[in-house]
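Single-letter residue listing:
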Amino acid sequence: MHALGSVPFGCTSCQGLTAPLPPRTRVRMTHRFSQRLDVVQPSATLAVSARAAALRAQGRTIYPFGVGEPDFDTPIHIRDAAKKALDAGATRYTAVTGTPELKKAIAASSAARRGAPCAPEQVVVGVGAKHSLFNLALALYEPGDEVICPAPYWVSYPEQVRLVGATAVCPETREEDGWLLTPETLQASLSPQTKAVILCTPSNPTGSAYGEKSLRALLEVLEAHDCWLVVDEIYADLVYDGFKQVSALTLAHRDGMKIRDRILVIDGVSKSYAMTGWRIGWSITPPAMAKALDVVQSQSTTNPAAVAQAAAVAALTGPQESIEAMRLRFAARRTRMVAGLGAIPGIRCRAPEGAFYAFADFRALLGKKAKNGPLTDDLAIATFLLEEAGCAAVPGSAFGAPGYLRFSYATSEENIDAGLAAAKAAVEKLG
Ligand code: PMP
Ligand code: GLU
């Protein structure tokens, strides 16, 4: 039976209840959602984008700084390859974990990029990287396990951990440390129950990224601890100002570290190739783990869409120039976004190393009075910016960092300039 006060979506007959249910009251089976939903929040990033779409449908001008999704079209050669693949019969089931062509292309691309051997048997292709992470959660975490998700974390990490009944441990990182987990904090967060540590570099939501020294220091701590390291490298192509992106797998192999057999890589085509809607992501794991993921996926989604897999083969094996072209556009937008946020009275924004997010400190606005009431927290600030300036941004508390707001700059320069000018004007009017 779900707890009162956490009425599940769609349970209309419960919505009028205001007092606790008397003990022993029987709730019809059809009115119960499973208890595992009581501890899980819906995705805040997707909720902001839905709210922005609703306001846009009412005719409002909304600046889309909410969801992290490239605004570019998927490169033409990838779309053409998909059209050809459809005509050639890519309309049927494929092997559960992906076509041999795609797994071969992923393995070759990973080996070249990370300088660590990768066999197709290590690859499991899922319906986006979010699904690949969820497969891992189902295959690995269980009640009693702790999974370390350093905050600020991407919204789905702790929620997926909770969804499968395990405990998310979220040590804080500090802006002064570039939002990087320090070896000391990692050491203090580990326990005999730690099943995995999830690192995202470059990070969603902060855009910060681990350089070789900071990453190596974490690997040394984990070398002595019997747990997995999940590294989400979906933004690895998007780094700026000459920052040198490095994979944990590269360092562990180069230096012959034991942890190399405990590193699980998450990657995909959504960000690098502007392919969010195609839903192709993957994990690279030791072969035994890949077999376990195959079992999970064979009883849930089966294979990702055959045509999308063909498109991903074209992305990985075709010309790569579009990545650099998009990266340069993101780099220019990043400069504008960081400068524009910094020009709002009281707001500070650190220049991020990568991804396409700026994570700004809005705490100076707390307590100010807006038309609809005082700005008591970052959710109120985000609502104020959406209603008064048309800026859709995600409140930092969704990422475990209250007082901050995440702005995606995966949108046009015009939107960035106009949106931030509107935000500045709205903030200047505050009492
Ligand atoms: N990891 C991170 C850090 C992300 O920002 C995203 C984007 N939603 C994903 C994984 C999942 O990407 P997708 O499911 O589109 O492949
Ligand atoms: N990664 C994106 C974001 O954080 C997409 C939304 C999602 O998948 O939750 O906004």
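Coordinates for the structure precede this section.
What comes next is a walk through the structure.

Quick look at the overall build of the protein
A tally of regular secondary structure across the protein gives 13 helices and 15 strands. Taking 431 residues into account, the globule formula puts the C-alpha radius of gyration at 22 Å, and the protein, at 22 Å, falls close to it. Each principal axis of the C-alpha atoms in the protein carries an extent, and together these give about 60 × 60 × 55 Å. Per-residue burial over the protein gives 53% buried out of 431 residues. A separation of at least 24 residues holds for 73% of the contacts in the protein among residues at least 6 apart in sequence. Carbon and sulfur atoms make up 55% of the accessible area of the protein, which amounts to about 19,100 Å² in all. Taking the average location of the 44 positive side-chain charges in the protein and that of its 41 negative ones, the two points are 5 Å from each other.

What about the sheet that holds strand E14 (residues 394-395)?
Ordered in space as E9-E10-E15-E14, the four strands form an open sheet in which the pairing is antiparallel. Since the sheet does not close on itself, it has two edges, and those belong to strand E9 (348-349) and E14, each with one partner. Pairing analysis gives two bridges linking E14 to strand E15 (residues 404-408), with the strands arranged antiparallel. Paired with Val 394 across the strands is Arg 406, a residue of E15. Strands E14 and E15 of the sheet are contacted by helix H12 (residues 378-389), whose axis makes an angle of about 40° with E15.

Notes on the site of ligand 1
Taken together, 13 residues sit near ligand 1, with Ala 129, Asn 204, Asp 232, Tyr 235 and Lys 271 positioned nearest. Asp 232 is positioned such that a nitrogen or oxygen atom in its side chain is 2.6 Å from a nitrogen atom of ligand 1. Within the side chain of Ser 270, one N or O atom sits 2.8 Å away from an oxygen atom of ligand 1. Coverage of ligand 1 by the protein chains reaches 92% of its 400 Å² of free accessible surface. Class assignment for the residues of the shell around ligand 1 results in six nonpolar, three polar and four charged.

Concerning the sheet that holds strand E2 (residues 123-126)
With mixed pairing, seven strands are arranged side by side in an open sheet as E2-E8-E7-E6-E5-E3-E4. Only two strands of the sheet have a single neighbouring strand rather than two, namely E2 and strand E4 (167-169). With strand direction ignored, the average angle separating the axes of adjacent strands in the sheet is 20°. Relative to strand E8 (residues 281-284), E2 runs antiparallel, the two sharing four bridges. In the sheet register, Val 125 faces E8, and the bridge partner there is Trp 282. Those strands touched by helix H4 (residues 129-140) are E2, strand E5 (194-200), strand E6 (228-232), strand E7 (263-268) and E8, and its axis lies near 155° from that of E7.

A closer look at the nonpolar core
If you look at the biggest cluster of nonpolar residues, it comprises 82 residues, and the most contacted ones within it are Tyr 141, Leu 341, Phe 362, Leu 385 and Phe 407. Setting aside residues no more than four positions away along its own chain, Phe 362 makes contact with Leu 341, Ile 347, Ile 381, Leu 385, Gly 403, Tyr 404, Leu 405 and Phe 407. Formed by 48 residues, the second largest nonpolar core is a distinct cluster that contains Leu 180, Tyr 210, Val 231 and Ile 280.

What about the site of ligand 2?
Taken together, Ser 43, Thr 45, Leu 46, Val 67, Gly 68, Lys 130, Trp 154, Asn 204, Tyr 235, Lys 271, Tyr 357 and Arg 406 form the complete shell of residues around ligand 2. A distance of 2.7 Å is found between an oxygen atom of ligand 2 and a backbone nitrogen or oxygen belonging to Gly 68. Contact with the protein chains removes 89% of the 290 Å² of surface that ligand 2 exposes when unbound. Looking at the shell around ligand 2 residue by residue, the classes come out as five nonpolar, four polar and three charged.

Focus: the packing of helix H11 (residues 321-342) against helix H13 (residues 413-428)
Between H11 and H13, the shortest axis-to-axis distance is 10 Å and the interhelical angle comes to 5°. As the angle between them shows, H11 and H13 are arranged roughly parallel. Listed contacts from H13 to Arg 329, Ala 332, Arg 333, Arg 336, Met 337, Gly 340 and Leu 341 of H11 are Glu 413, Ile 416, Asp 417 and Leu 420.

Let's talk about the pattern of salt bridges
Opposite charge on two side chains allows them to pair when their charged atoms are near. Applying the stated criterion across every chain, the model contains 26 salt bridges. In this structure, the salt-bridge partner of Arg 348 is Asp 361, at a minimum N-O distance of 2.8 Å. Of this pair, Arg 348 sits in strand E9 while Asp 361 sits in strand E10 (residues 357-361); the two residues are 13 residues apart in sequence, bridging distant segments of the chain. A residue is classified by how much of its surface remains accessible, and Arg 348, at 43% relative accessible area, is partly exposed. You can call Asp 361 buried: its relative accessible area is 7%. With its nearest N and O atoms 2.8 Å apart, the salt bridge here joins Arg 363 to Asp 361. The partly exposed category is assigned to Arg 363, whose relative accessible area is 43%. One connected set of salt bridges, linked through shared partners, spans Glu 212, Arg 216, Glu 220, Arg 254 and Asp 255.

About the cut-offs
Residues numbered from 1 in each chain as written. Chains lettered and ligands numbered in written order. Predicted model: local features only at pLDDT ≥ 70, side-chain atom pairs only at ≥ 80, totals over all residues. Heavy atoms only, no water. Helix = DSSP H or I, 4+ residues; strand = E, 2+ residues; numbered from the N terminus. Rg over C-alpha atoms; globule rule 2.2 N^0.38 Å. Buried < 20%, exposed > 50% of the residue type's maximum accessible area, 1.4 Å probe, protein only. Contact = heavy atoms within 4.5 Å. Areas by Shrake-Rupley, 256 points an atom, 1.4 Å probe, with all protein chains shown as cover. Lys, Arg positive; Asp, Glu negative; His and termini not counted. Charge placed at Lys NZ, Arg CZ, Asp CG, Glu CD. Pairing = 2+ DSSP bridges. Axes fitted to C-alpha atoms, helices over the stretch in contact; angles between N-to-C directions. Near = heavy atom within 4 Å. Polar contact = N/O pair within 3.5 Å; in protein donor to acceptor, adjacent residues only side chain to side chain. Nonpolar A, V, L, I, M, F, W, Y, C, P; charged D, E, K, R; others polar. Core = buried A, V, L, I, M, F, W, Y, C linked by side-chain atoms within 4.5 Å. Parallel < 35°, antiparallel > 145°, perpendicular 65-115°, else oblique. Salt bridge = Lys/Arg side-chain N within 4 Å of Asp/Glu carboxyl O.

Read these as spatial facts, not as claims about activity.
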